[in-house]
Amino acid sequence: MEGAEAEAREWVAVARDLQALGYEGFSGATSLGTSCPDFRALCARLAAELATLGALEREREESAEVLRAGDGPGAEEEFLRQLADLLRELHCPDRALCGGDCAAALRERGACLRLLRFLCSELQAARLLRLYPRLDSSPAPPCGEGAEEGDDVVQELVLTFQALGLPRPTPGTAASRLLWELHDKISELLPSLPPGFLQPLLSNPLDAPRWEALESLCQRLRDQYCCRRCLLLKRLDLTTSAFHWSDRAEAQGEAMKVVLIPIREALSPESDVSIAHVLAARADLSRLVPATSKAARRGTCCAINKVLMGNVPDRGGRPNELEAPMPSWQSRREDGGGRKAGRQSWGRKKKKK
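In this text the structure is predicted, and so the values were computed from the model without any measurement.

About the thresholds
- Chains are numbered independently. Their residues run from 1 in the order of the written sequence.
- Only residues with pLDDT of 70 or above have their local features reported here, since the model is predicted, and side-chain atom pairs are shown and tallied only from 80 upward, although totals for entire chains, interfaces and linings are computed over all residues.
- Calculated side-chain values reflect all of the structure's heavy atoms, with hydrogen atoms and water omitted.
- Every axis corresponds to a line fitted to the C-alpha atoms, with the helix fit spanning only the stretch in contact, and the corresponding angles, defined between N-to-C directions, vary from 0 to 180 degrees.
- In DSSP terms, a helix is any run of H or I states spanning at least four residues, a strand is any run of E spanning at least two, and both are numbered starting from the N terminus.
- Angle categories: roughly parallel below 35 degrees, roughly antiparallel above 145, roughly perpendicular from 65 to 115, and oblique for all the rest.
- In this scheme, a crossing is called left-handed if the near helix is turned counterclockwise away from the far one by less than a right angle; it is called right-handed if the turn is clockwise.
- Two residues qualify as a contact provided that any one of their heavy atoms is within 4.5 Å of a heavy atom in the partner residue.
- Residues are sorted three ways: Asp, Glu, Lys and Arg are charged, Ala, Val, Leu, Ile, Met, Phe, Trp, Tyr, Cys and Pro are nonpolar, and all the rest, Gly among them, are polar.
- Sulfur atoms of two cysteines make up a disulfide when they are within 2.5 Å.
- A residue's pLDDT is simply how confident the predictor is in it, with values from 0 to 100.
- A side-chain nitrogen of Lys or Arg and a carboxyl oxygen of Asp or Glu constitute a salt bridge if their distance falls within 4 Å.

Trainee: Residues and numbers for the packing of helix α8 (residues 208-243) against helix α9 (residues 249-265), please.
Mentor: The N-to-C vectors of α8 and α9 enclose an angle of 160°; their axes lie 10 Å apart at closest approach. Classified by the angle between their axes, α8 and α9 sit roughly antiparallel to one another. Note that α8 runs across α9; the crossing there is right-handed. Residues L233, L236, D237, T240 and F243 of α8 touch α9, and the partners they reach there are A249, M256, L260 and R264. By residue class, the composition of the contact of α8 with α9 is six nonpolar, one polar and two charged.

Below you can see the structure in the form of structure tokens.
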């Protein structure tokens, strides 16, 4: 009984997400499976918008469809094949859907619901990421005490209010009031999420000694990463300066600086990762995909990987294979030329003929 009630709440939440995303006409397709053309059309539209927003790793042609929602023989099999590739490309944390047999996984109870929830959440995140550069770049009005510490905090706060559907904070509002508004809104939305959806990565409670240890570890890692980034930036500077040594760079030097200087100034050796990112991380962040795995290689493989290098000549240079030079003695020649007698000369002795 509890499982049926939970599943009913999930269907209501999916319908609410689809309505919020502007997909009102597909509410009846949420209760059907991949054998229904309407369900496949709904997934295809969600995937197409994800591709339009740049949420997919692989580049596709404009006419290429991410998911093909046809209605004919073999349409469901083609849809399931493309769906499996799409879920792997989006790094779906649901291991049942990303397993070997996607068709068998979607036949389970609630699997289609999880699929739609995942696609809706990815689409919401993609829309928010597209919205972020469109925010007003002018300094935002102070939203509370300490707002003059930096515009980044204000920008993040304004983005959070927009994501939750709250009005923009008015100037002079106390920071405590803003936090309470966020707390009330988030508490209102949490019951609509599935169980364990926002499970934190750091689940253990932190007391004062653990906070100090975590802060110390964070600072040491930040210093180490700063040193590494300084090294990489120095290599970048030397590499870019080497391009200016050529004769062609004399004519193109100014054009190169116009392109490179803005990019270089945006690179900072300081890391912006803090303890707040650890506290906000979800449990699915710990699911690492090796760069050499088949799932990762589908998005990174290219034609250059198929080019095989031929035999490379041995250039030597190994110190353990080099012979130490032996001294040789040369006597003065009769005509007075050459080296003085007894002068030591380093080199290899010539063989006698």
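Trainee: Lay out the state of the cysteines in plain terms, naming residues and giving numbers.
Mentor: Within the structure shown, the criterion is met by zero disulfides. You can see C120 has no disulfide; the closest cysteine sulfur is in C43, sitting 9.0 Å from it.

Trainee: Can you lay out the confidence of the model for the protein chain for me, pointing to particular residues and giving the numbers?
Mentor: Here the protein chain averages 76 in pLDDT, and 80% of its residues register 70 or above. Across the protein chain, α8 holds the top mean pLDDT of 90, while strand β2 (residues 344-346) sits lowest at 50. Overall, residues 134-150 carries pLDDT values under 50, and its contacts beyond four positions in sequence, including any with other chains, amount to 28 contacts.

Trainee: Describe the environment of R95, with residues and values.
Mentor: Structurally, R95 is set in the loop between α3 (75-89) and α4 (102-106). A C-alpha to C-alpha distance of 9.7 Å links R95 and A105, two positions ten residues apart in sequence.

Trainee: Outline the pattern of salt bridges, listing residues and values.
Mentor: Pairing between side chains of opposite charge can happen when their charged atoms approach one another. The tally for this structure, following the rule as stated, stands at eight salt bridges. A salt bridge links D85 to R88, with the shortest nitrogen-to-oxygen separation between them at 2.6 Å. Of the two residues, D85 and R88 both sit in helix α3, three residues apart, roughly one turn of that helix. One salt bridge in this structure joins R264 and D237, with 2.7 Å as the shortest N-O distance. Of this pair, R264 sits in helix α9 while D237 sits in helix α8, and the two are 27 residues apart along the sequence.

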